Amino acid sequence: MGDLRFVLIGCGRIGERHALLIQQYAKLIAVVDIIPDRAKHFSNIFQARNFDSLQAFLAEKLALDIAVICTPNGLHATQAIQCLEQGMDVIVEKPVALFKRDIDAIAVAMLKSGKQVFPIMQNRFNAAIIGIKNLLQEEILGTIYSFQINCFWNRPPAYYANSWHGDKELDGGILYTQLSHFIDMLTWFFGDCEEVKGYISKQSEKELDVEDTGVFILKYANGIIGSVNYTVNAEPKNVEGSFMLSTGKGTIKIGGTYLNRIEINTTPFVLDLPKTKENEYANYKGSGAYHEEVYQHLLKVYHSNGSYYTSLKEAEATIRTIEKMYLSAIACNPLKKNIGIVNVVFGDQVQVVQPVNLYDCIIGSGCFIGPFTEIQKGVVIGDNCRIQSHTFICTGVTIGKECFIGHGVMFVNDDFKIGKPAGDASLWKKTIIGNNVSIGSNVTLLPVNICNNAVIGAGAVVTKDITIAGTYAGNPAVLIRTLH
């Protein structure tokens, strides 16, 4: 693998782990991160070219062998497909995707490109887990009565602050980000999960819009049942990450803080003690540090044309299980997310009629914001604008001065060119509204630019840029008279 040429997409904590291993076993040619300083930092350390977007990297059409994706969970599928289409094999950090439909799309891209996807599920190199897998395959444990997973971890507020962690679209939830290795283990041991019942809840005051606690009962197709209990609220640090199996030949429990200690083994069979430690990050500890074994195995795959230790099909089974878990939990215990005003910069003499959902935006002086309005991250609204009730202004919108936005106006930043909502924010488009623009009630605006002194009639659908001052109406909106 020493002559293989890699690109690393995502220069965060786990990205650094991959970069060090790529440097050890192959050649790191390029790094990509939407935070330019972070990409430059990696570039300086690893002597690689740096790019501040995946699109900029792909446009260069570099002749590389493998892309390693270490970005937020919700971006994995789209980015994997783009790299496959450019002729690269792809290593994807867990989870491969957040939905089965996304894995199906990756499978199609694999077939068309003739390239491979290598999911990262490094816990399969844990010696004790391998031992249990072998015992199950040999069918010498007798009847499998039940299993229990306990994951009582600590993720401090700093883990979620100003981060994609805890964001529903980018993170997906604790089952994806913290528990997917455990769920993959169950898939490896028992096959397909058949039924799930459970509860999830957000118990803490941390800045996240997913659960922080969950309890589930799972039934597998072979009749085996067990429980999964987890929280990221353990204080003051990780307390337990364990798997216990009750069988006709005795009980096995792999425990410690991350499956790194054999705590119980009443069976007559010997299990190897895991020789590992947790991945250590800035303000928390995470999964078992088996990434080097993954790269060593990948080296053998490339040199001997062998099979990778897991597959996209197995990754799909894990994602299907997690989807079932969330669907069952949401049905019985929906997460409630408070709305309000968070991190908003207001000018002078602004009036806001609550309830509203305003966050990480800028609203100029003299503005009025009506009730049931949502204004998202990054939006900028100029002075003396009036935003009527039930309006949705999405990320990517800039509104000039002296504008009127009627009731129920919907701004859109996604043109659905990939055939589904784009989880990758780099694919979202911008809308720029000029000064002294009036937009009537129930107008829908696709990503467009609108010049100064335009009037958009109620119910119109704006699909193209408006460059002439005038009155527009219809679907699609057309000019019906100019303004002088």
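Everything numeric here is computed off the predicted structure, so don't read it as measured data. (Residues numbered from 1 in each chain as written. Predicted model: local features only at pLDDT ≥ 70, side-chain atom pairs only at ≥ 80, totals over all residues. Heavy atoms only, no water.)

## Overview of the overall build of the protein
Next up, step 1: Broken down by element type, the protein carries eleven helices and 36 strands.
Next up, step 2: For the protein, the spread of C-alpha atoms along the principal axes amounts to about 90 × 50 × 35 Å.
Next up, step 3: Per-residue burial for the protein yields a buried fraction of 52% across its 484 residues.
Next up, step 4: Within the protein, contacts between residues separated by at least 24 positions form 50% of all contacts whose residues are at least 6 apart in sequence.
Next up, step 5: Charge-centre separation for the protein: the mean point of 43 positive side chains lies 1 Å from the mean point of 46 negative side chains. (Helix = DSSP H or I, 4+ residues; strand = E, 2+ residues; numbered from the N terminus. Buried < 20%, exposed > 50% of the residue type's maximum accessible area, 1.4 Å probe, protein only. Contact = heavy atoms within 4.5 Å. Lys, Arg positive; Asp, Glu negative; His and termini not counted. Charge placed at Lys NZ, Arg CZ, Asp CG, Glu CD.)

## Digging into the pairing of strand 12 (residues 250–255)
Next up, step 1: Counting buried positions along strand 12 yields five of six residues, so the element is predominantly enclosed.
Next up, step 2: As paired strands, strand 11 (residues 240–247) and strand 12 are joined by five bridges and run antiparallel to one another. Each bridged residue has a counterpart across the sheet, and for Leu245 the counterpart in strand 12 is Ile252.
Next up, step 3: In sequence, strand 11 turns back onto strand 12 through a hairpin of two residues.
Next up, step 4: Sheet analysis places strand 12 next to strand 13 (residues 261–265), joined by four bridges and oriented antiparallel. Bridge assignment links Ile254 to a residue of strand 13, and that residue is Ile262.
Next up, step 5: Counted along the chain from strand 12 to the antiparallel partner strand 13, the turn is five residues long, and its residue Gly256 has a positive phi close to 80°. (Pairing = 2+ DSSP bridges.)

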